[in-house]
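Listed here are the chains, written in short residue letters.
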Amino acid sequence: MNLANHLDSTYLKTDEQSGLSSIDTKQKVISLVEEAIENEFKLVMIRSKFIPVAKRLIADAKSNVSVGTVIGFHEGIYSVESKLKEAKLAIERGVDELDYVINYVAFIKGNVDLVENEIIQGTKKGLDNNKVVKWIIEIAALDNNQIVAITKLIRNTVIANFGEKNAKNVFVKSSTGFYKTKNGKPNGATIEAMKLIVENAKPLYSKAAGGVKTYDDAVKMIEMGVERIGTSSAKKIIDGELTEGY
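Residues numbered from 1 in each chain as written. Predicted model: local features only at pLDDT ≥ 70, side-chain atom pairs only at ≥ 80, totals over all residues. Heavy atoms only, no water.

## What to know about the side chain of Asp-99
Turning to step 1, where the next piece is worked out: Its place among the elements puts Asp-99 in strand β4 (residues 97-101).
Turning to step 2, where the next piece is worked out: A polar contact is formed between the side chain of Asp-99 and the side chain of Lys-173, at a distance of 2.8 Å.
Turning to step 3, where the next piece is worked out: When residues no more than four places from it in sequence are discounted, the contact partners of Asp-99 are Met-45, Thr-69, Val-70, Ile-71, Lys-134, Ile-136, Lys-173 and Lys-207. (Helix = DSSP H or I, 4+ residues; strand = E, 2+ residues; numbered from the N terminus. Polar contact = N/O pair within 3.5 Å; in protein donor to acceptor, adjacent residues only side chain to side chain. Contact = heavy atoms within 4.5 Å.)

Now the structure itself:
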């Protein structure tokens, strides 16, 4: 197994969240991209404004590393129009993959029509521009029944509107890594939740984001059918070191 090719190496903290200057944040992103190139990770997941610099570094290195960004991050409550505007800008900047945070708050409240509409519109924006699309459902905010239901909604909506031929270009993704949980509950991917996603997303792919701390955990996720793993500690994982990051 080439584990590196399943890893989306991630840095999404803003200057305010990290306590770094804008210059230091940019340098962190540059280092992340250089590390991804060196280790042949599948993708770097970064904020939209850093897409051009990442693409330049990758092109200069003649690397196959892809670039992804997040849309509607991290709350997911923004309007469809706002998310499409973000996606359009990311596409213009050269992004390869769009990770939308689904409006899980609306879903929990029963506003399924709104959620279905944003799945259709967001997926169309990505597929029409030959981009991979991922839908982040924020499992820490959902119970198991809701995880199954929203995963099925994404799967059924995508298949009904875009056909199985596009299934491998759309993912159900577990988490943002920024959700504030209570009582020490994990805010990232768990084995239990990923089993539910994998089983109910097929033929769409699945991505486990956050919560994967070791090489063995990562291998276990891939063996159970997860296609991608999002982590801020990709290098430590492939080196067999225990991680504490997202």
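## Overview of the packing of helix α4 (residues 80-92) against helix α6 (residues 112-128)
Turning to step 1, where the next piece is worked out: Their axes nearest at 10 Å, the elements α4 and α6 cross at an angle of 15°. Taken together, the axes of α4 and α6 lie roughly parallel to each other. Taken as a pair, α4 and α6 cross one another with a handedness that is right-handed. Contact residues: α4 offers Val-80, Lys-83, Leu-84, Ala-87, Lys-88 and Ile-91, while α6 offers Asn-117, Glu-118, Gln-121, Gly-122 and Lys-125.
Turning to step 2, where the next piece is worked out: Partitioned by chemical class, the residues of the contact of α4 with α6 number four nonpolar, three polar and four charged. (Axes fitted to C-alpha atoms, helices over the stretch in contact; angles between N-to-C directions. Parallel < 35°, antiparallel > 145°, perpendicular 65-115°, else oblique. Left-handed = near helix turned anticlockwise from the far one by under 90°. Nonpolar A, V, L, I, M, F, W, Y, C, P; charged D, E, K, R; others polar.)

## Comments concerning the pairing of strand β5 (residues 132-136)
Turning to step 1, where the next piece is worked out: Across the five residues that make up β5, a large majority, five, are buried.
Turning to step 2, where the next piece is worked out: Residues Val-132, Lys-134 and Ile-136 point to one face of β5 and Val-133 and Trp-135 to the other, with burial holding for every one of them.
Turning to step 3, where the next piece is worked out: In this sheet, β5 lies alongside β4 in parallel orientation, the contact comprising five bridges. Pairing of Glu-97 across the sheet is with Val-132, part of β5.
Turning to step 4, where the next piece is worked out: With helix α7 (residues 144-162) bridging β5 and the parallel strand β6 (residues 170-173), this β-α-β connection has right-handed handedness. (Buried < 20%, exposed > 50% of the residue type's maximum accessible area, 1.4 Å probe, protein only. Pairing = 2+ DSSP bridges. Right-handed = clockwise from strand over helix to strand, strands pointing away.)

## Focus: the sheet that holds strand β2 (residues 43-46)
Turning to step 1, where the next piece is worked out: In space, the eight strands of this closed barrel follow the order β1-β2-β3-β4-β5-β6-β7-β8, with parallel pairing throughout. Mean inter-strand twist for the sheet, computed between neighbouring axes without regard to direction, equals 25°.
Turning to step 2, where the next piece is worked out: α4 rests against β3 (66-71) and β4 of the sheet, and its axis sits at about 160° to β4.
Turning to step 3, where the next piece is worked out: Of the strands in this sheet, β4, β5 and β6 touch α6, which is tilted by about 150° from β5.

## A short note on helix α9 (residues 215-223)
Turning to step 1, where the next piece is worked out: Along α9, the residues that are buried comprise Ala-218, Val-219, Met-221 and Ile-222. For α9, the angular spread of the buried residues around the axis is 160°, confining them to a single face. Exposed side of α9, more than 90 degrees from the buried face: Asp-216 and Glu-223 are the residues found there.
Turning to step 2, where the next piece is worked out: Looking at the buried side of α9, the elements it contacts are α8 (191-201), β7 (205-209), β8 (228-231) and α10 (234-238).
Turning to step 3, where the next piece is worked out: A positive phi of about 115° marks Gly-225, the residue just after α9. (Arc of directions from axis to C-beta.)

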